Amino acid sequence: MATARDSRQRRRMRRDRHGRGLRGALYPSTLPAAASRAERFDALVLDALEPIEARWRHELTKLDVAVDDVPEVRSDGAPAGVDGVLHDGAVPLSRLVPAGVDRAGLPTRARIVLYRRPLEARAKDPGELAELVHDVLVEQVAVYLGVEPDVIEGD
């Protein structure tokens, strides 16, 4: 006679409904299609930053660049920390966080934070996204260095 315990053990042995187990990845990890949207965006930011950093290497030694999915929003609906924010309407696209001191009293470096989801929402295709990321980085680096964006671009 079969008991409830026997049926639980039989169910545990089966890996899925058809007995095949979990499927593998759709693409090998060596192909670009295997990268997530966040990983592709990070690579895009690095590509956009490379020519700027090559030209302004000595001035940007104390600047970090980071990526967040979305900006922090306070409970009243306003974006947190409005200084150094590059907006598109009411939505922040990036933020320049100046150097300072953290809660533990340790010094922090200046940081440009790009917001991935708002930037992706404004681009129609990957080429337009690359151009938008480049433009936002140029704007924020120009604010950080206190120069016009045309100077950063080399025009």
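Right above here is the structure, for reference.
Note that the structure is predicted; figures quoted are calculated from it, not measured.

1. Describing the overall build of the chain
Part 1 of the argument: A tally of regular secondary structure across the chain gives five helices and six strands.
Part 2 of the argument: Moving toward the C terminus, one meets the helices and strands of the chain in the order α-α-β-β-β-β-β-β-α-α-α.
Part 3 of the argument: Burial statistics for the chain: of 155 residues in total, 24% are counted as buried.
Part 4 of the argument: Long-range contacts, defined as pairs at least 24 residues apart, comprise 53% of the intrachain contacts of the chain with a sequence gap of at least 6.
Part 5 of the argument: Surface summary for the chain: the accessible area is close to 11,300 Å², and the carbon and sulfur share equals 52%.

2. Focus on the side chain of R116
Part 1 of the argument: Here R116 shows up in helix α3 (residues 116-122).
Part 2 of the argument: Residue R116 is classed as buried on the basis of its relative accessible area of 8%.
Part 3 of the argument: Residues contacting R116, with those up to four places away along its chain left out, are R37, A38, F41, V67, D68 and D69.

3. Thoughts on the sheet that holds strand β2 (residues 85-88)
Part 1 of the argument: Within the open sheet, the four strands sit side by side as β1-β6-β3-β2. Their pairing is mixed. Each edge of the open sheet carries a strand with a single partner, namely β1 (63-68) and β2. Averaged over all pairs of adjacent strands, the angle between strand axes in this sheet comes to 15°, irrespective of strand direction.
Part 2 of the argument: Taken together, the four bridges between β2 and strand β3 (residues 91-97) define a ladder with antiparallel strand orientation. Each residue of the ladder has a partner; that of H87, found in β3, is P92.
Part 3 of the argument: Here helix α2 (residues 37-55) sits on the sheet and contacts β1 and β6 (110-115); the angle it forms with β1, its principal contact strand, is near 150°.

4. Quick notes on the nonpolar core
Part 1 of the argument: Ranked by size, the top nonpolar core spans 24 residues in total, and within it I52, L114, L119, V133 and L137 carry the most contacts.
Part 2 of the argument: Look past the residues within four positions of I52 in its chain and what remains in contact with it is L60, H134, L137, V138, V141 and I152.

Conventions we followed
Residues numbered from 1 in each chain as written. Predicted model: local features only at pLDDT ≥ 70, side-chain atom pairs only at ≥ 80, totals over all residues. Heavy atoms only, no water. Helix = DSSP H or I, 4+ residues; strand = E, 2+ residues; numbered from the N terminus. Buried < 20%, exposed > 50% of the residue type's maximum accessible area, 1.4 Å probe, protein only. Contact = heavy atoms within 4.5 Å. Areas by Shrake-Rupley, 256 points an atom, 1.4 Å probe, with all protein chains shown as cover. Pairing = 2+ DSSP bridges. Axes fitted to C-alpha atoms, helices over the stretch in contact; angles between N-to-C directions. Core = buried A, V, L, I, M, F, W, Y, C linked by side-chain atoms within 4.5 Å.

Treat this as a map of the structure, not an account of what it does.
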